[in-house]
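The primary structure of each chain is shown beneath.
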Amino acid sequence: MLLHKVETWHTFQILCAFSGFARVSDYVEAGLGPNDDRNAPRYLMEQLGLRGEDNPAELSGGEARRAALVRALAPSPDILLLDEPTNHLDLPAIEWLEGELADRNAALVIISHDRRFLANLSRVTVWLDRGKVRRIERGFAAFESWRDDVLAEEESERRKLDRKIEAEEHWMRYGVTGRRKRNMRRVGQLQTLRENRRTYRASAGDATITAGSAAPSGALVIEAKNIGKSYGDRAIVSDFSIRIQRGDRIGIVGPNGSGKTTLISLLTGALGPDTGTVRLGANLAMATLDQGRESLDPTATVAETLTGGRGDTVMIGGQPKHVIGYMKDFLFAPEQARTPLGVLSGGERGRLTLARALAKPSNLLVLDEPTNDLDLETLDVLEEMLGDYAGTVLLISHDRDFLDRVVNAVIVPDGGGRWTEFAGGYSDMLAQRGEDLSRDPTKPAAAKEQRETRAAGPNGAKQPKRRLSFNEKHALETLPRTMAELQAKVRTLHQQLDDPGLYARDRSAFDTTSAALAAAQTELAAAEEKWLALEVLREEIEGG
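Quick summary incoming for the structure in this document. (Residues numbered from 1 in each chain as written. Predicted model: local features only at pLDDT ≥ 70, side-chain atom pairs only at ≥ 80, totals over all residues. Heavy atoms only, no water.)

## Some details on the overall build of the protein chain
Within the protein chain one finds 19 helices and 16 strands. Of all intrachain contacts in the protein chain linking residues separated by at least 6 positions in sequence, the fraction that spans at least 24 positions is 69%. With an accessible surface of roughly 27,600 Å², the protein chain has 50% of that area assigned to carbon and sulfur atoms. (Helix = DSSP H or I, 4+ residues; strand = E, 2+ residues; numbered from the N terminus. Contact = heavy atoms within 4.5 Å. Areas by Shrake-Rupley, 256 points an atom, 1.4 Å probe, with all protein chains shown as cover.)

## Here's the deal with the pairing of strand S3 (residues 107–111)
Examined bridge by bridge, strand S2 (residues 79–83) and S3 share five bridges and lie parallel to one another. Across the sheet, Leu-81 pairs through a bridge with Val-109, a residue of S3. At this point the chain moves from S2, through helix H5 (residues 91–103), to the parallel S3, and the crossover so formed is right-handed. (Pairing = 2+ DSSP bridges. Right-handed = clockwise from strand over helix to strand, strands pointing away.)

## A short note on the side chain of Asp-114
Within the element layout of this structure, Asp-114 appears in the loop between S3 and helix H6 (115–121). Buried charge without a salt bridge: Asp-114, with Arg-400 as the nearest opposite-charge side chain at an N-O distance of 4.1 Å. Within the local environment of Asp-114, its side chain forms a polar contact with the backbone nitrogen of Phe-117, the two atoms lying 3.1 Å apart. Aside from chain neighbours lying at most four places away, what touches Asp-114 is Thr-86, Ile-94 and Arg-400. (Buried < 20%, exposed > 50% of the residue type's maximum accessible area, 1.4 Å probe, protein only. Lys, Arg positive; Asp, Glu negative; His and termini not counted. Salt bridge = Lys/Arg side-chain N within 4 Å of Asp/Glu carboxyl O. Polar contact = N/O pair within 3.5 Å; in protein donor to acceptor, adjacent residues only side chain to side chain.)

## Some remarks on the sheet that holds strand S14 (residues 392–396)
With respect to topology, six strands assemble into an open sheet ordered S10-S13-S14-S8-S15-S16, the strand pairing being mixed. The open sheet has two edge strands, strand S10 (286–289) and strand S16 (418–423), and neither has a second partner. Pairs of neighbouring strands in the sheet enclose a mean axial angle of 20°, with direction left out of account. Both strand S8 (residues 249–252) and S14 contribute to a ladder of four bridges, which runs parallel. Within the sheet, the bridge partner assigned to Gly-251 lies in S14 and is Leu-395. Of the strands in this sheet, S8, strand S13 (364–368), S14, strand S15 (409–415) and S16 touch helix H9 (residues 260–267), which is tilted by about 160° from S14. Where helix H12 (residues 346–358) meets the sheet, it contacts S10 and S13, and its direction lies at approximately 170° from that of S10. (Axes fitted to C-alpha atoms, helices over the stretch in contact; angles between N-to-C directions.)

## A few points about the pattern of salt bridges
Scanning the model with the defined rule gives 25 salt bridges in all. For Arg-104, the salt bridge is made with Glu-100, and the minimal N-O distance between the two is 3.1 Å. Of the two residues examined, Arg-104 and Glu-100, each falls in the buried class. The partner of Asp-380 in a salt bridge is Arg-405, and the shortest N-O contact between them spans 4.0 Å. With Asp-380 in helix H13 (residues 376–388) and Arg-405 in helix H14 (residues 400–406), this residue pair connects regions lying 25 residues apart in the sequence. Residue classification places Asp-380 among the buried residues on the basis of a relative accessible area of 15%. Taking the relative accessible area as the measure of exposure, Arg-405 reaches 41% and is therefore partly exposed.

## Thoughts on the environment of Ala-337
Along the chain, Ala-337 falls in the loop between helix H11 (323–329) and H12. With 32 residues separating them along the chain, Ala-337 and Thr-305 place their C-alpha atoms 9.7 Å apart. The residues touching Ala-337, leaving out its near neighbours within four places in the chain, are Thr-301, Val-302, Ala-303, Ile-324 and Met-327.

## Describing the packing of aromatic side chains
Inspection of the entire model under this criterion finds six aromatic pairs. Consider the rings of Phe-140 and Phe-143, whose centres lie 5.3 Å apart with planes at 20°: the pair is stacked. One exposure class covers both Phe-140 and Phe-143, and it is buried. Residues Tyr-326 and Phe-330 carry aromatic rings whose centres are separated by 5.2 Å and whose planes lie at 70° to one another, so their mutual orientation is edge-to-face. A relative accessible area of 1% means that Phe-330 is categorised as buried. Put simply, the rings of Trp-127, Phe-140, Phe-143 and Trp-146 pair up and form one aromatic cluster. Over the aromatic face of Phe-332 sits the side chain of Arg-351, whose NZ or CZ is 4.9 Å from the ring centroid. (Phe/Tyr/Trp six-rings, centres within 6.5 Å; stacked < 30°, edge-to-face > 60°. Lys NZ or Arg CZ within 6 Å of the ring centre and 35° of its normal.)

## Let's talk about the sheet that holds strand S7 (residues 234–245)
Taken in spatial order, the three strands line up as S7-S6-S9 in an open sheet, and their pairing is antiparallel. Each edge of the sheet is formed by a strand with only one pairing partner; in this case those strands are S7 and strand S9 (275–280). Strand-to-strand twist in this sheet, taken as the mean axis angle between neighbours without regard to direction, amounts to 15°. In this structure, strand S6 (residues 220–231) lies alongside S9, joined through five bridges in antiparallel fashion. Bridge assignment links Ala-224 to a residue of S9, and that residue is Val-278.

## Some remarks on unusual backbone geometry
A positive phi angle is found at Asn-226, which is not glycine, with a value near 50°. Here Asn-226 shows up in strand S6. A positive phi angle, close to 60°, is found at Asn-283, a residue other than glycine. As for its position among the elements, Asn-283 is in the loop between S9 and S10.

## Some remarks on the side chain of Lys-260
Relative to the helices and strands, Lys-260 resides in helix H9. From its side chain, Lys-260 meets the backbone oxygen of Pro-255 in a polar contact 3.1 Å long. Setting aside its immediate chain neighbours within four residues, Lys-260 contacts Ile-252, Val-253, Gly-254, Pro-255, Ile-396, His-398, Trp-419 and Glu-539.

## Here's the deal with the nonpolar core
With 51 residues, the main nonpolar core has Val-253, Leu-306, Tyr-326, Leu-365, Leu-386 and Leu-395 as its most contacted residues. Apart from residues no more than four positions distant in its own chain, Leu-386 is found in contact with Arg-249, Leu-365, Leu-367, Val-393, Phe-402 and Val-406. Counting 34 residues, the second-largest nonpolar core is a separate cluster that includes Leu-263, Leu-266, Leu-394 and Trp-531. (Core = buried A, V, L, I, M, F, W, Y, C linked by side-chain atoms within 4.5 Å.)

## Structural notes on the environment of Leu-358
Tracing the backbone through its elements, the reader meets Leu-358 in helix H12. Placed 71 residues apart in sequence, Leu-358 and Ala-287 show a C-alpha to C-alpha distance of 7.0 Å.

## Remarks on the environment of Glu-304
Residue placement: Glu-304 occurs in helix H10 (residues 302–307). Given the relative accessible area of 41%, Glu-304 is considered partly exposed. Sequence separation of Glu-304 and Pro-340 is 36 residues, and the distance between their C-alpha atoms is 9.3 Å. In terms of polar contacts, Glu-304 uses its side chain to reach the backbone amide nitrogen of Thr-301, at 3.1 Å.

The structure is reproduced here in structure tokens:
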């Protein structure tokens with residue numbers, strides 16, 4: 001029997017596993033046995049957008065994950081152990097992997113927080129709950145109702161135990177004294193009941209997620225008319241129009257590198273379009289959650305991250321709350337207040353990033369992959385919060401179940417910079433579109449060729465694959481704020497020049513203001529172009 005395993009490795013650990021291999025194909029073929037199909041790796045790499053001749057040391061996190069999957073799948077093992085196999089995969093890759101696994105005869109053991117993936121593939125569910133292993137002979141689709149029944153039964157038993165203890169204590173105080181032997185037996189029974197109650201472990205409970213609320217926005221939140229954005233000769237958004245009303249929940253989906261982050265930046269005004277116009281509604285207060293968990297300072301503590309290092313209170317919707325109480329809302333123990341972020345798990349970092357983003361008063365939430373690393377219970381509470389949120393939600397996600405439960409419209413790329421809006425959730429979009437989000441089969445190779453052309457030196461030799469430097473990462477984080485400041489400056493200078501008497505009254509001031517406006521517009525255009533170039537590079541690196 002052949003057993004293969006894919007673990008949740010960090011990128012560094014995956015790349016360490018690649019050491020000693022000059023090409024991805026060498027790494028993959030090293031896992032094949034003498035009787036395995038030598039053509040299987042080529043097919044699998046094509047499906048996952050990998051090229052065998054690439055150097056494993058130059059792979060991005062998403063590419064490394066897909067290479068590890070290819071090596072596990074290529075030998076056609078009898079048993080596959082998959083630990084979070086959908087991490088770092090985009091929707092087309094997730095759907096392809098799901099179909100590939102469903103068609104195989106191998107036994108599957110899967111750990112995942114992707115509910116749709118589990119529901120479509122599992123036949124038996126094992127629940128690790130407070131140190132106990134519980135098993136149900138049904139797939140994950142039946143898990144949530146079964147889990148709720150188990151917890152409800154436990155709570156009923158706990159209440160019965162409390163009532164029995166109360167009755168025994170009453171007997172001890174007021175009951176008629178019987179034979180001494182009988183009394184001692186009941187005293188022993190009471191002690192046993194108390195011990196059972198003391199050692200009872202309740203479920204950890206759910207997170208209490210609320211978003212800081214601001215005054216309502218106008219009825220029209222965002223209106224985009226025929227907007228377009230290109231990088232070089234590559235159209236990222238082309239002739240796209242949309243009206244977003246207060247209360248809408250809009251999901252943006254698509255393969256990695258398709259321009260989802262660029263589109264959401266255009267819609268929120270963080271990036272100016274090359275063509276068309278974007279009009280933002282009145283009284284907007286925006287809170288954002290991006291994928292930048294890595295940008296968190298690993299030496300900072302949980303409390304410092306939430307308070308900004310200022311005191312022991314957090315402002316939630318403009319109201320102060322003690323940081324320990326806010327930590328408890330997101331399932332952090334009080335003793336974790338001084339815990340450095342570097343030792344937190346992925347799920348804890350996800351909850352912390354969510355807590356920090358939602359503390360800001362808002363009527364427009366912009367969420368980029370909010371479900372990353374969140375456990376199922378926290379996902380449920382996040383969905384409930386978004387359902388009750390009075391404002392508007394724009395989100396990017398690869399979680400199909402989350403999209404179906406939260407959004408009322410989905411925006412999908414159609415190639416060539418074209419984007420189309422569909423009413424309903426992700427499943428509704430598939431029904432209307434009549435197809436999934438499969439990549440254009442020529443796209444991975446074309447994207448690779450473009451990256452290699454840009455990375456080639458003057459003699460045409462292949463250079464090492466670009467990676468974001470510290471300065472580039474810093475620029476990605478700070479440029480949106482710089483662009484917002486420049487946009488505000490441009491508006492102010494425009495208002496000054498709108499004064500019809502300025503030229504006649506003060507020619508020198510008019511000339512100075514005009515020069516300042518031209519300089520600010522040039523600086524803004526340069527900042528937007530730099531941010532877009534870095535964003536495209538980041539999406540290409542992460543998406544492979």
